[in-house]
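# Working through the structure, step by step
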Amino acid sequence: QVQLVESGGGLVQPGGSLRLSCAPSGSIFNIYTMGWYRQAPGKQRELVATITSGGRTNYADSVKGRFTISRDNAKITVYLQMNSLKPEDTAVYYCNADVMTTSSSRSDYWGQGTQVTVSS
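Let us look at the structure shown here. Predicted, not measured: the structure shown is a model, and the values here were computed from it.

## Remarks on the side chain of Thr-50
Tracing the sequence through the fold places Thr-50 in strand β5 (residues 46-51). Look at Thr-50 and you get buried, because its relative accessible area is 13%. When residues no more than four places from it in sequence are discounted, the contact partners of Thr-50 are Thr-33, Met-34, Gly-35, Tyr-37, Arg-56, Thr-57, Asn-58 and Ile-69.

Below, the structure is given as C-alpha cells:
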C-alpha cells in the first residue's frame, strides 16, 4: 500500500560524506514525522534523526553537528546529509515514515534499508 524507497548508500572513507534519500509512494494521504534509523551488526536498531511535517528536527547525540535531516514536502522525500563520517557510522540505514493512507489508516512504514560503510 505504501512503499519507501531509499537510495544513496555506499562505501566512503572516514571524513567523507554521503546523502541518503527516501521517497515514499503509494496510497498516501498525508505524511507526518519521517526519520532515519540505523542498525549495525550485532546491535539494535537506533534512531539517527527525525523531522516533523513542520520541519522540527531531532538527532541522536552521536550524529549532532555532522548529519542533517531535511524533507521536501512537495516531492514527499526525506534526505539525510551525512558529513565527517566515522567508521562507527557503518550500518544499514532505514527510512521510516508515519503515514495516513487514502483509506484513513495510519501506520509506520519502513524502507528496505541501504548499506553505509565507512572504511579506509
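Resuming the write-up.
## Concerning the sheet that holds strand β1 (residues 2-7)
Reading across the sheet, the four strands line up as β1-β3-β8-β7 and stay open at both edges, with antiparallel pairing between neighbours. Whereas interior strands pair on both sides, the edge strands pair on one side only; in this sheet they are β1 and β7 (67-72). Here the strands of the sheet are splayed against their neighbours by 15° on average, with no regard to which way each runs. Two elements, β1 and strand β3 (residues 18-26), share six bridges in a ladder whose sense is antiparallel. The residue bridging Gln-3 from the neighbouring strand is Ser-25, located in β3.

## With respect to the pattern of salt bridges
Taken as a whole and assessed by the stated rule, the structure comprises five salt bridges. Across the salt bridge formed by Asp-89 and Arg-66, the nearest N and O atoms sit 2.7 Å from each other. Remark: Arg-66 occurs in the loop between β6 (57-59) and β7 and Asp-89 occurs in the loop between β8 (77-82) and β9 (91-101); sequence separation between them is 23 residues.

Rules behind the numbers
Residues numbered from 1 in each chain as written. Predicted model: local features only at pLDDT ≥ 70, side-chain atom pairs only at ≥ 80, totals over all residues. Heavy atoms only, no water. Helix = DSSP H or I, 4+ residues; strand = E, 2+ residues; numbered from the N terminus. Buried < 20%, exposed > 50% of the residue type's maximum accessible area, 1.4 Å probe, protein only. Contact = heavy atoms within 4.5 Å. Pairing = 2+ DSSP bridges. Axes fitted to C-alpha atoms, helices over the stretch in contact; angles between N-to-C directions. Salt bridge = Lys/Arg side-chain N within 4 Å of Asp/Glu carboxyl O.

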